[in-house]
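Architecture at a glance
The primary structure of each chain is shown beneath.
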Amino acid sequence: MNLLKPILAITFSIFLCIGVACAQDRQVEWHPELTDDWTPVTDSVITTGAFLEPPSDAIVLFDGTDLSHWQAAPGYFPSMEGVPGYLEIIQQEHGPAPWKVEDGVMTVVPGSGNIMTKQGFGDMHLHVEWKTPSVIEGDGQGRGNSGVFLMGLYEIQVLDSWQNPTYSNGQAGSIYKQKAPMVNASRPPGEWQSYDIFFEAPYFDDDGNLIKAAYVTVLHNGVLIHHRERLQGPTVYIGLSHYEPHPRKLPIGLQDHGDYVSFRNIWVREL
Ligand code: MG
């Protein structure tokens, strides 16, 4: 029996598969749109209640007076991609937070850079109130974009998602590039909104193996939009995420994405 033909066919198939896999890897590497999810989220408009005042055991990170709990953050969030030593860098001390505080509100100074807390946090309930500009400029991801970076790595997207189509895993409240919110609980631009984020930090053993993934539950304006959702890894703009070992506590970051997004009443309860 002549085995040469089937052997050649099998060998050719193996090389073809490897070639296709490599090509797919390269595509993921260079095309951010491959991880955009355009499945629409229910466009609910929900009337919600009052904002939460800080509980007595909360660490108040911003009470409207100053940025003493904050500092400049190096680089650009999401930051793990392509920045060697990022984890070490965000654990070092940096200069003063370059954003503006006025009338009890802090506002992004576009182009000045991200900010992050001086203190590190892991498992937490984080409360953040935010507002996008009342005058609409831009569209999609260019409209009121900022973000809350848990541990400086995992972004809950801040965006003006009031009648503003974009990929749903990039709209307000999304776990950016990983999971769309269950509903769109956004208020109109210029109105204050809130996130209550219940975060379980990932856990790694001494050899850097992932023992437990990160999980997050999020209320947007008091409405549940994620229920103990498993994070795939740190936020990346391009390609698929995977975990890299990191400490149990890291700073909370806020993103300068070039838009005049404001924040107030930020507090955290460590869990
Ligand atoms: Mg963002």
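Everything below is about the structure printed above this text.
These remarks concern the structure in this document. The shown structure was predicted, so the numbers you read here are calculated from the model rather than taken from an experiment.

So, how was this worked out
Residues numbered from 1 in each chain as written. Predicted model: local features only at pLDDT ≥ 70, side-chain atom pairs only at ≥ 80, totals over all residues. Heavy atoms only, no water. Buried < 20%, exposed > 50% of the residue type's maximum accessible area, 1.4 Å probe, protein only. Helix = DSSP H or I, 4+ residues; strand = E, 2+ residues; numbered from the N terminus. Pairing = 2+ DSSP bridges. Donors = N, O, S within 2.8 Å, 3.2 Å for Na, K, Ca; no water. Polar contact = N/O pair within 3.5 Å; in protein donor to acceptor, adjacent residues only side chain to side chain. Axes fitted to C-alpha atoms, helices over the stretch in contact; angles between N-to-C directions. Salt bridge = Lys/Arg side-chain N within 4 Å of Asp/Glu carboxyl O.

Side note on the pairing of strand S6 (residues 124-131)
Counting buried positions along S6 yields seven of eight residues, so the element is predominantly enclosed. Relative to strand S9 (residues 193-200), S6 runs antiparallel, the two sharing seven bridges. Across the sheet, the residue bridging to His125 is Phe198, located in S9. With seven bridges connecting them, S6 and strand S15 (residues 262-270) associate as antiparallel partners. Note on S15: the bridge partner recorded for Met124 is Glu270.

Here's the deal with the coordination of the magnesium ion
Within the protein, the magnesium ion binds to Asn145 (OD1), Ser146 (O), Glu155 (OE), Gln157 (OE1) and Gln255 (OE1); these donor distances fall in the range 2.2 to 2.4 Å. Between the donor residues of the magnesium ion, the gaps in sequence give the motif N-S-x8-E-x1-Q-x97-Q. As far as the burial class goes, Glu155 and Gln157 line up, both buried.

Considering the side chain of Thr235
Mapped onto the elements of the fold, Thr235 is located in the loop between strand S13 (223-230) and strand S14 (250-254). Here Glu155 takes part through its backbone nitrogen, which lies 2.7 Å from a polar atom of the side chain of Thr235.

Describing the pairing of strand S5 (residues 115-121)
Relative to S5, strand S2 (residues 70-72) runs antiparallel, the two being bridged by three bridges. By the bridge assignment, Trp70 is partnered in S5 with Thr117. Examined bridge by bridge, S5 and S14 share four bridges and lie antiparallel to one another. When the sheet's bridge partners are listed, Ile115 is paired in S14 with Leu254.

Topic: the sheet that holds strand S7 (residues 146-150)
In spatial order, the strands read S2-S5-S14-S7-S8; together these five strands make up an open sheet with antiparallel pairing. Two strands lie at the open edges of the sheet, namely S2 and strand S8 (154-158), each paired on one side alone. Taken pair by pair, the neighbouring strands of this sheet meet at an average axis angle of 30°, ignoring direction.

Re the pattern of salt bridges
A side chain with one charge may pair with a side chain of the opposite charge, provided their charged atoms come close. Evaluated as defined, the whole model comprises nine salt bridges. Note that Arg248 and Asp123 form a salt bridge whose closest N and O atoms lie 3.5 Å from each other. One end of the pair, Arg248, is in the loop between S13 and S14; the other, Asp123, is in the loop between S5 and S6, with 125 residues separating them in the sequence. For Arg248, a relative accessible area of 39% puts it in the partly exposed group. Linking Arg228 and Glu200 is a salt bridge whose minimum nitrogen-to-oxygen distance equals 2.9 Å. Here Glu200 lies in strand S9 and Arg228 lies in strand S13, a separation of 28 residues in the sequence. Of the residues examined, Glu200 reaches a relative accessible area of 23% and is grouped as partly exposed.

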